[in-house]
Amino acid sequence: MTQFLFVTDLDNTLVGDDKALAQLNEHLQQHRQEYGTKIVYATGRSPILYQELKEQKNLLEPDALILAVGTEIYTHGSPTPDPDWSQILSPGWDRDLIVSITANFPDLVLQPDSEQRLFKVSFFLPQLAAATVLRKLEADLHKSNLNVKLIYSSGQDLDIVPRSSDKGRAVQFLSQKWEFVAEKTVVCGDSGNDIALFAVGVGRGIIVGNARPELLQWHNENPNDYHYLAKNVCASGIIEGLKYFGFLR
Ligand SMILES: [Mg+2]
């Protein structure tokens, strides 16, 4: 047994089966103490919504947190995001300019303040208006030399974030910082917004048994030996996958 970098999505991946979560926590806690394994949560949740879940489910204190669609990385419990990652995201990002351009689109409704971040501007956008608005908005943003991407999900949420930002690249940033090779890195997820975690590099990946159709479809279209589709759901699927890859006994 040696140390590894453990990265997991929270909702419906790590969290969803309380009994299995308690078991997995025990394994991870012990591994961290004995071998220096690092635990990272990668979630679309903002800091406020993450704290809520952490308290509710008694999550282990992570070594790093990747929040807000990969735009913020917090290491070792620091209250401020990692400045080196922020620096990578900065070129071509101008929050005020983005907000002023979006003001020309009456269909866009700003999400609550807690979801507005330094490197993320978030709106509600009704599905019916989405195609037209996204096309025009993307063109307007690029005309202003902004290096951004638009992520539209669940038929209602629009996030505008730096082009170089996603959960997968954030994991790469951490694995380089902490000097973990790909074979000692494992990511776990259940849905479409976790594809970025699996799509970067050749690290190991665990797709939990309750994965959503969009992730399963991606997995079927991009099969490889590095990714394992678990039979069990949530944390129980993670334990199954960690054993499959030999990270746990
Ligand atoms: Mg999830």
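About the criteria used
Residues numbered from 1 in each chain as written. Predicted model: local features only at pLDDT ≥ 70, side-chain atom pairs only at ≥ 80, totals over all residues. Helix = DSSP H or I, 4+ residues; strand = E, 2+ residues; numbered from the N terminus. Rg over C-alpha atoms; globule rule 2.2 N^0.38 Å. Buried ≥ 20, exposed ≤ 12 C-beta atoms within 10 Å, placed from the backbone. Core = buried A, V, L, I, M, F, W, Y, C linked by C-beta atoms within 7 Å. Domains from an automatic or database assignment. Contact = placed C-beta atoms within 7 Å. Pairing = 2+ DSSP bridges. Axes fitted to C-alpha atoms, helices over the stretch in contact; angles between N-to-C directions. Left-handed = near helix turned anticlockwise from the far one by under 90°. Nonpolar A, V, L, I, M, F, W, Y, C, P; charged D, E, K, R; others polar.

A.B. asks: Let's hear about the overall build of the chain: which residues, and what values?
C.D. replies: Counting its secondary structure elements, the chain contains nine helices and 11 strands. In terms of overall dimensions, the chain is globule-like: its C-alpha atoms have a radius of gyration of 18 Å, near the 18 Å expected for 249 residues. Principal-axis analysis of the C-alpha atoms gives the chain an extent of 55 × 35 × 35 Å. Looking at the chain as a whole, 41% of its 249 residues are labelled buried.

A.B. asks: Can you lay out the nonpolar core for me, pointing to particular residues and giving the numbers?
C.D. replies: Among the nonpolar cores identified, the biggest contains 61 residues, and Val7, Val40, Ile66, Val186 and Ile238 are the most heavily contacted of them. With five residues, helix α9 (residues 234-244) is the single largest residue contributor to this core. If you count residues domain by domain, this core takes at least three from each of domain 1 (5-87 + 165-244) and domain 2 (92-162). Among residues more than four places away in sequence, those in contact with valine 40 are Leu5, Phe6, Val7, Pro62, Asp63, Ala64, Ile66 and Leu174.

A.B. asks: So what about the sheet that holds strand β2 (residues 38-42)? Which residues, and what values?
C.D. replies: Ordered by their spatial adjacency, seven strands build an open sheet running β4-β3-β2-β1-β9-β10-β11, and the pairing between neighbours is mixed. Among the strands making up the open sheet, the edge pair consists of β4 (72-75) and β11 (227-229). The mean inter-strand angle of the sheet, taken between neighbouring strand axes irrespective of direction, is 15°. Across the face of the sheet, helix α6 (residues 167-177) comes into contact with β1 (5-8), β2, β3 (64-67), β4 and β9 (185-189) while running at roughly 160° to β2.

A.B. asks: Any details on the packing of helix α1 (residues 18-35) against α9? Residues and values, ideally.
C.D. replies: Where α1 meets α9, the closest approach of the two axes is 7 Å, and the angle between their N-to-C directions is 40°. The handedness of the crossing between α1 and α9 is left-handed. Contact residues: Ala20, Leu21, Gln23, Leu24 and His27 in α1; Cys234, Ala235, Ser236, Ile238 and Ile239 in α9. Each residue belonging to the contact of α1 with α9 can be placed in one class, and the counts come to seven nonpolar, three polar and no charged.

A.B. asks: Quick one: what's the story with the environment of glycine 237, residue by residue and with numbers?
C.D. replies: Tracing the backbone through its elements, the reader meets glycine 237 in helix α9. Residues glycine 237 and leucine 14, spaced 223 residues apart in sequence, show a C-alpha to C-alpha distance of 9.1 Å. Excluding its chain neighbours within four sequence positions, the residues that come into contact with glycine 237 are Ile206, Val208, Gly209, Ala230 and Asn232.

Treat this as a map of the structure, not an account of what it does.
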